[in-house]
Amino acid sequence: MPDEYVELEYDQQRLAASRGVLELAVRQLRAFARCATGSVNEADELVEDALMLFLAEDRVVDEAGACFAELLRMFRTAYERNDALLAGRVTPDDQLATLMQLTLPEREIAALCLGAGMTAEQAATLLEIPNEDAMCLLEGCRSKLRVQDIPEWPFTPAPNYHGDYLL
């Protein structure tokens, strides 16, 4: 490409913005993963797997909600594959042990709604389940958990995130 078409400063700013959005989405995914797996170590390994899958494709990373949604989708795939292999071998961390008494769908809803402060509708969109199912799961979680049972990690989207859509 001829030099007159390259705008180095713009490309550097775009890269820095993309890196910031991706870092924010990965931090959010780590918090979710810890609630879903019950283990900080297992969560971090699966987040790394999801991030590697994400980075393997050339994508534009400019919106935190969409980035988080895509990373979450990849994490759930990686977790589903590893769950059968790790069943019974991972001891939950003490602060997350109560969560492990819930089913995986309940833990996911608890993480997104009770931990991150999302609505059941937003969580349903991310988890690709019907709103009614999300509401039922959330009510079940509320009846089984105490406030201190789930770590709080407020969902903090990037400045250009629009709360009315996540994908």
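The shown structure was predicted, so the numbers you read here are calculated from the model rather than taken from an experiment.

## Thoughts on the overall build of the chain
A count of helical and extended segments in the chain gives six helices and zero strands. From first element to last, N terminus to C terminus, the chain shows the α and β order α-α-α-α-α-α. For the chain, buried positions account for 40% of its 167 residues. Taking as baseline every contact in the chain between residues at least 6 positions apart, the subset at least 24 positions apart corresponds to 75%. Entry remark: accessible area of the chain is about 9700 Å², with carbon and sulfur atoms responsible for 52%.

## Remarks on the pattern of salt bridges
Applying the stated criterion across every chain, the model contains eight salt bridges. Measuring nitrogen to oxygen at the nearest pair gives 3.2 Å for the salt bridge that ties Arg73 to Glu128. With Arg73 in helix H3 (residues 64-86) and Glu128 in the loop between helix H5 (120-127) and helix H6 (131-144), this residue pair connects regions lying 55 residues apart in the sequence. Glu108 serves as the salt-bridge partner of Arg76, at 3.0 Å between the closest nitrogen and oxygen. Here Glu108 lies in helix H4 (residues 104-115) and Arg76 lies in helix H3, a separation of 32 residues in the sequence. You can call Glu108 buried: its relative accessible area is 5%. Through salt bridges with shared partners, one network takes in Arg30, Arg34 and Asp44.

## Digging into H4
Counting buried positions over the twelve residues of H4 gives nine, a clear majority of the element. Among the residues making up H4, those that are buried are Glu106, Arg107, Glu108, Ile109, Ala110, Ala111, Leu112, Cys113 and Gly115.

## Things to note about the nonpolar core
Ranked by internal contacts, the top residues of the largest apolar core, which has 47 residues, are Leu29, Phe32, Phe68, Phe75, Leu112 and Trp153. Looking at this core, the elements with two or more residues in it are helix H1 (8-37), helix H2 (40-55), H3, H4, H5 and H6. Here this core gets ten residues from one element, more than from any other, and that element is H1. The contact partners of Trp153, leaving out residues within four places of it in the chain, are Gln28, Ala31, Phe32, Cys35, Phe68, Ala111, Leu112, Gly115 and Ala116.

Cut-offs applied
Residues numbered from 1 in each chain as written. Predicted model: local features only at pLDDT ≥ 70, side-chain atom pairs only at ≥ 80, totals over all residues. Heavy atoms only, no water. Helix = DSSP H or I, 4+ residues; strand = E, 2+ residues; numbered from the N terminus. Buried < 20%, exposed > 50% of the residue type's maximum accessible area, 1.4 Å probe, protein only. Contact = heavy atoms within 4.5 Å. Areas by Shrake-Rupley, 256 points an atom, 1.4 Å probe, with all protein chains shown as cover. Salt bridge = Lys/Arg side-chain N within 4 Å of Asp/Glu carboxyl O. Core = buried A, V, L, I, M, F, W, Y, C linked by side-chain atoms within 4.5 Å.

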